[in-house]
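Chain by chain, the residues run as shown.
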Amino acid sequence: MSAGPASSHGAQARAANGGGVGAELSNKAAGATGRNAAVARADFATIASWLAPGAQVLDLGCGDGSLLAYLKQAKAVRGYGIEIADEGVLASLANGINVLQSDLESGLAGFADASFDCVILSQTLQAMRHAEEIVTEMLRVGSEVIVTFPNFGHWSHRLQILRGRMPVSQSLPYQWFDTPNIHLCTVADFDAFLAERRYFVANRVVLSRGSPIRALPNLLGDLAVYRFRKSQHDGTRRPPNYAPAEDENPRDRPAATIGR
Amino acid sequence: MLRLANAMLSFSATTGGTDGGRQIQNVSVGPVVAQLARFDDELPLACGRSLNGFELAFETYGAFNADRSNAVLVCHALNASHHVAGYYAEEPDNVGWWDNLIGPGKPLDTDRFFVIGVNNLGSCFGSTGPTSRDPATGRRWGSDFPIVTVEDWVDAQARLADRLGIAQFAAVMGGSLGGMQALAWGIRYPQRIRHALVIAAAPNLSAQNIAFNEVSRQAILSDPDYHGGHFDAHATKPRRGLRVARMIGHITYLSDHQMEHKFGRDLRDGLQYSFAPEFEIESYLRYQGEKFAEYYDANTYLRVTKALDYFDPALNTGGELARALEPATCGFLVVSFTTDWRFPPARSREIVGALVDRRRDVSYAEIAAPHGHDAFLLDNPQYHAIIRAYFARVLPPS
């Protein structure tokens, strides 16, 4: 893990995640975007660990730009954030990143095939109308793709549903009537999604309160972080500076075998 | 509504901003003085001719910092001038055309930046142009003045930067045709510019845009008072042509929605069953046309529209904008406005796409504004916040 613990963004992300799922919850998130700025950004460090220094990165739904700002510090990545909300664009500018105001729902037109080392969609997929289409677009533009999302399968969500209520948690801090999240899924759902399309999963990390867990990820994890590409040997050009991440899973299992 | 009307008046440059300065003057740069810089060296032009010496009118606001790294050049659009901010002591109502954006504590903060407004070559507001006298003949240039391009303007501006001792601009900024100059600066003088702010612009004109310009030119050229461009010798000017040209321009600066909102089908005095101005929009266009015809020069108008038509940095790279932008290494802020149909957001996105293709530092904001092309002159909170945030990056607060 070479992600910079010196970064204030990282520190914030780690500290903010301390609350954990099931803590007293607010039904309001700070951000107007799909990405929930009020919630822990525990995925930052994991994402950073998977990127080669100087990688060319697109961050979709970049919110206030804190992920790219963090990755600039931690891995000297170069790239652009894409954000639709006015306040997000403004905050990203203030955060010192390159931000492009655009609607992801209309795809990534204007970005050439395989033109970025990595395309990131962090805690935004669940809020997108065209969830499947954006994944296809990401795989077109990026040699690799990183997707993170709140795990709907977490035990606390299941418990709330058993009690007859829609889940509200730190990772899903909205009420049913004001949530931007319209495509929630579980770890098992996303595993199946990738397997059906025969995408190659390079890494999957499931976090609970900011720490990776191995046992019962779909029950205990609150945040899932995936790195995948079209196929293991799909001829996609790897960047010349590509370096395997330090914590890359040596088994590099194809998606179909990941715990269902 | 009042704000829009004022801004549109200020779009008409040096004619005076009426009461637009009412609240603005509180934070204005205050009274300003136009200056004139004389250059005696030859300036080669894109058309193949050259100018043996020329003058540029300019104004400055704020002060240099210790290492002169805080200079910002503001380029004007079609009919504006070097009078960008502040007002003239003897004409307190004559407020600069971008005064809402530039001044102490404003998005382009003259407490931090040394800001320069410059009148382009070929204009009629003080810089050498068709209304100046040709030193070779002693007569006014009239239509003998060369046709100048955006690149010619930028070359002349670079001479002014030399004169002012500016090795490198912190930023060059402009809206519309001014944005094209900022883009040209990035390509032509990459070592002399750290940032370019390209607002409500396009990488070139569309056929529709050229068509509007051609109709405007034909209005002037077909006016019997044009006299082949030497109307001065006949003690007249092609007012009818200028009026029509300005009316056409005004239609394209406003969105359909905004024109509906502002004028609708309102009548001045009921139906008259005549060709007198009956609808408010007719009255408005005629007023703008009359005013413009008095203060603007026809030969200048012809040339500025040609400069717009000719601008096309990708002309020499087989239409590939990304290759044309290869030399430009500065940081870019590109801004467009949703209802601008003269230079719509898609045209700005072409610039952004080419810069991303070259992996340049670029940010892009698409401002939701109902006002059409004119929005770049108006005080939209998100727009101004974006400009302010970007200038914090240009020169981080100490």
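Above this text sits the structure in question.
What counts and how
- Position labels on residues start from 1 in each chain and follow its written sequence.
- Each chain gets a letter, beginning with A, and each ligand a number, beginning with 1, in the order they are written.
- Predicted model: local features are reported for residues with pLDDT of at least 70 only, side-chain atom pairs are reported and counted for 80 or more only, and whole-chain, interface and lining totals are derived from all residues.
- Excluded from the side-chain calculations are hydrogens and water; all other atoms, namely the structure's heavy atoms, are used.
- In what follows, residue pairs with any heavy atoms lying within 4.5 Å of each other are defined as contacts.
- When two parts are brought into contact, each loses some accessible area as probed by a 1.4 Å sphere; the total of that loss over both is the buried area.
- We define a salt bridge as a contact between a side-chain nitrogen of Lys or Arg and a carboxyl oxygen of Asp or Glu at a distance within 4 Å.
- Two N or O atoms count as a polar contact when they lie within 3.5 Å, although within protein this holds only if one can serve as hydrogen donor and the other as acceptor, and sequence-adjacent residues are included solely when both atoms are side-chain atoms.
- Strands are runs of DSSP state E lasting at least two residues, helices are runs of H or I lasting at least four, and both sets are numbered from the N terminus onward.
- Charged means Asp, Glu, Lys or Arg here, nonpolar means Ala, Val, Leu, Ile, Met, Phe, Trp, Tyr, Cys or Pro, and polar covers whatever is left, Gly included.
- Exposed residues in this analysis have more than 50% of their type's maximum accessible area, buried residues have under 20%, and partly exposed residues fall in between, with area computed by a 1.4 Å probe over protein chains only.
- Each Phe, Tyr or Trp ring, with Trp reduced to its six-membered ring, pairs with another whose centre is within 6.5 Å; inter-plane angles below 30 degrees give stacked pairs, above 60 give edge-to-face pairs, and intermediate values give tilted ones.
- Two cysteine sulfur atoms form a disulfide, by the criterion used here, when they sit within 2.5 Å.

Attention now moves to the interface of chain B and chain A. Listed per partner, the contact involves 17 residues of chain B and 17 residues of chain A. Regarding the contact of chain B and chain A, the summed buried area is about 1600 Å², with carbon and sulfur atoms giving 48% of it. Looking at the side of chain B facing chain A, the largest losses of area belong to Arg359, Gln382 and Arg393 of chain B, adding up to 38% of the total buried there. Our count for the chain B to chain A interface comes out at one salt bridge. Its salt-bridge partner being Arg78 of chain A, residue Asp361 of chain B comes within 3.9 Å of it at the nearest N-O pair. One can count 13 residue pairs in polar contact (both at pLDDT 80 or more) joining chain B with chain A. Top element by residues in the side of chain B that touches chain A is helix α12 (residues 381–394) of chain B. It accounts for six residues. Of the residues assigned to the side of chain B that touches chain A, the class counts are 10 nonpolar, two polar and five charged.

Moving on: the side chain of Thr148 of chain A. All names here are of chain A. Its location among the elements puts Thr148 in strand β5 (residues 142–150). The buried category is assigned to Thr148, whose relative accessible area is 0%. Within the local environment of Thr148, its side chain forms a polar contact with the backbone nitrogen of Gln123, the two atoms lying 2.9 Å apart. Discounting chain neighbours no more than four positions away, the residues touching Thr148 are Asp43, Ile47, Leu121, Ser122, Gln123, Thr124, Ala224 and Val225.

Checked against the element boundaries, Arg347 of chain B lands in helix α11 (residues 345–357). If near-sequence neighbours (up to four positions away) are discounted, Arg347 of chain B is found in contact with Ala201, Ala202, Pro203, Asn204, Leu205 and Ser206 of chain B.

Residues and elements named next belong to chain B. Counted by the stated rule, this structure contains 29 aromatic pairs over all chains. With a centroid separation of 5.0 Å and 45° between ring planes, the pair formed by Trp185 and Tyr189 is classed as tilted. According to the relative accessible area criterion, Trp185 is buried, its value standing at 0%. Judged by centre distance (6.0 Å) and plane angle (85°), the rings of Tyr296 and Tyr301 are edge-to-face.

Residues and elements named next belong to chain B. The full count for this structure, using the stated rule, is zero disulfides over all chains. The structure places no disulfide on Cys47, whose sulfur is separated from the nearest cysteine sulfur, that of Cys124, by 19 Å. According to the relative accessible area criterion, Cys47 is partly exposed, its value standing at 40%. Taking relative accessible area as the criterion, Cys124 reaches 17% and is therefore assigned buried.

Don't take any of this as a statement about function, it's just geometry.
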